Amino acid sequence: MKFNAISLFSCTFLMAAKAFAFDPLFSARIDYDAGSTPSWVFASDLDGDGYDDLAVANLNSDNLSVLRNNGDGTFQVPLNNGVGNGPVSVFASDLDGDGDNDLAVANFNSDNVSVLRNYGDGTFQAVVNYGASQLWRGEQSHVGLRLRS
Ligand SMILES: [Ca+2]
Ligand SMILES: [Ca+2]
Ligand SMILES: [Ca+2]
């Protein structure tokens, strides 16, 4: 397996003839390029079309790949966004309350969190990095993050 690609299995469930018995079937694997050493993937609708897209944290290329869903379980080529040093996880949530899902990335080597605010179409504003202590105290609440002290 390549270390710069993520692998997806699309899963479908067929109800068996027996009542309430499910038989999971997987189609052939599809590999998508991401950055170097993808370490975490999170699914969330990032462009507002109703289908979950993928956000991939790439440990060694210090960036985040966003793969938009075509609506059938296949994905467009990744759009990469630079983040902090050594991203190891990513989570999506509407952090600024404008109705679209933004991204928060934990950076292992730079000891901070990168926040990417969504324009609403799956593209993102320039990354803003926060130290963990800043997040805890809510010092950056002026940017619209809903933080508690
Ligand atoms: Ca989507
Ligand atoms: Ca938002
Ligand atoms: Ca937005």
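Structural notes, computed from the coordinates. (Residues numbered from 1 in each chain as written. Chains lettered and ligands numbered in written order. Predicted model: local features only at pLDDT ≥ 70, side-chain atom pairs only at ≥ 80, totals over all residues.)

Regarding the overall build of the protein chain
The line we're drawing: Helix numbering and strand numbering both begin at the N terminus, where a helix is a DSSP run of H or I of at least 4 residues and a strand a DSSP run of E of at least 2. Exposed residues have 12 or fewer other C-beta atoms within 10 Å of their own C-beta, buried residues have 20 or more, and partly exposed residues fall in between, where C-beta atoms are placed from the backbone. Our contact criterion uses C-beta atoms placed from the backbone: two residues qualify when those atoms are within 7 Å.
In terms of helices and strands, the protein chain carries one helix and twelve strands. For the protein chain, the sequential pattern of α-helices and β-strands runs β-β-β-β-β-β-β-β-β-β-β-β-α. Considering the protein chain as a whole, with its 149 residues, one finds that 30% of them fall into the buried category. Expressed as a percentage of contacts within the protein chain between residues at least 6 apart in sequence, the contacts between residues at least 24 apart total 37%.

Side note on the sheet that holds strand E12 (residues 128-131)
Quick note on the threshold: Any two strands with at least two DSSP bridges between them are considered paired. Axis lines are fitted to C-alpha atoms, over the contacting stretch for helices. Their N-to-C directions set the angle, which ranges from 0 to 180 degrees.
Overall, antiparallel pairing links the four strands, which are arranged E9-E10-E11-E12 in an open sheet. Each having just a single partner strand, strand E9 (87-93) and E12 make up the two edges of the open sheet. Pairwise comparison of adjacent strand axes, ignoring direction, gives a mean angle of 25° for this sheet. Across five bridges, the pairing between strand E10 (residues 102-107) and strand E11 (residues 112-116) is antiparallel. From the neighbouring strand, asparagine 107 faces E11, where its bridge partner is asparagine 112.

Some remarks on the nonpolar core
Put simply, the rule is: Note on definitions: a nonpolar core is a set of buried residues drawn from Ala, Val, Leu, Ile, Met, Phe, Trp, Tyr and Cys, linked by C-beta atoms within 7 Å.
Membership of the largest hydrophobic core comes to 22 residues, with the highest contact counts inside it found for Ala55, Leu64, Val90, Leu103 and Val105. Elements with a contribution of two residues or more to this core: strand E6 (53-58), strand E7 (63-67), E9, E10 and E11. With residues near it in sequence (within four places) discarded, leucine 64 still touches Ala55, Val56, Ala57, Asn58, Asn80, Asn81, Val83, Pro87, Val90, Leu103 and Val105.

Topic: the sheet that holds strand E5 (residues 38-44)
Spatially, the four strands line up as an open sheet ordered E5-E6-E7-E8, and their pairing is antiparallel. Only two strands of the sheet have a single partner each, and these edge strands are E5 and strand E8 (79-82). Shown here is a sheet whose adjacent strand axes are inclined to one another by a mean of 20°, direction ignored. Here E5 runs beside E6; their pairing, made up of six bridges, is antiparallel. Note that in E6 the partner of valine 41 across the bridge is valine 56.

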